[in-house]
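# Coordinate inspection notes
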Amino acid sequence: MEKMMTIKTQGHTFTKKIGQTVYVVRYHFNEDAKETMQEKINRMLVTEASRMEV
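Residues numbered from 1 in each chain as written. Predicted model: local features only at pLDDT ≥ 70, side-chain atom pairs only at ≥ 80, totals over all residues. Heavy atoms only, no water.

## Details of the packing of aromatic side chains
Scanning the entire structure with this criterion turns up one aromatic pair. Taking 6.3 Å as the distance between ring centres and 45° as the angle between the ring planes, the aromatic pair formed by F14 and Y27 counts as tilted. One end of the pair, F14, is in strand β2 (residues 13-18); the other, Y27, is in the loop between β3 (21-26) and α1 (37-53), and 13 residues separate them in sequence. Judged by its relative accessible area of 26%, F14 is partly exposed. (Phe/Tyr/Trp six-rings, centres within 6.5 Å; stacked < 30°, edge-to-face > 60°. Helix = DSSP H or I, 4+ residues; strand = E, 2+ residues; numbered from the N terminus. Buried < 20%, exposed > 50% of the residue type's maximum accessible area, 1.4 Å probe, protein only.)

Printed below as a string of structure tokens:
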């Protein structure tokens, strides 16, 4: 199993090293969103779980 570790978090980016590869991830959030991040994650988990039941 490859070791995963977060190297650095700054602003709206974070760097993740997986094996010998370093990934820089940039992200943004809609300030006018109608749901919280927790609600969004929960919705995505429910959707994914319902797909697995089929």
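What follows picks up the thread again.
## Focus on the pattern of salt bridges
For the structure shown, the criterion picks out two salt bridges. Of the charged contacts in the structure, one is a salt bridge between R43 and E35, with a shortest N-O distance of 2.7 Å. Taking relative accessible area as the criterion, R43 reaches 41% and is therefore assigned partly exposed. E48 is paired through a salt bridge with R51; the nearest N and O atoms lie 3.6 Å apart. With a gap of three residues between them, E48 and R51 both fall in helix α1, about one helical turn apart. (Salt bridge = Lys/Arg side-chain N within 4 Å of Asp/Glu carboxyl O.)

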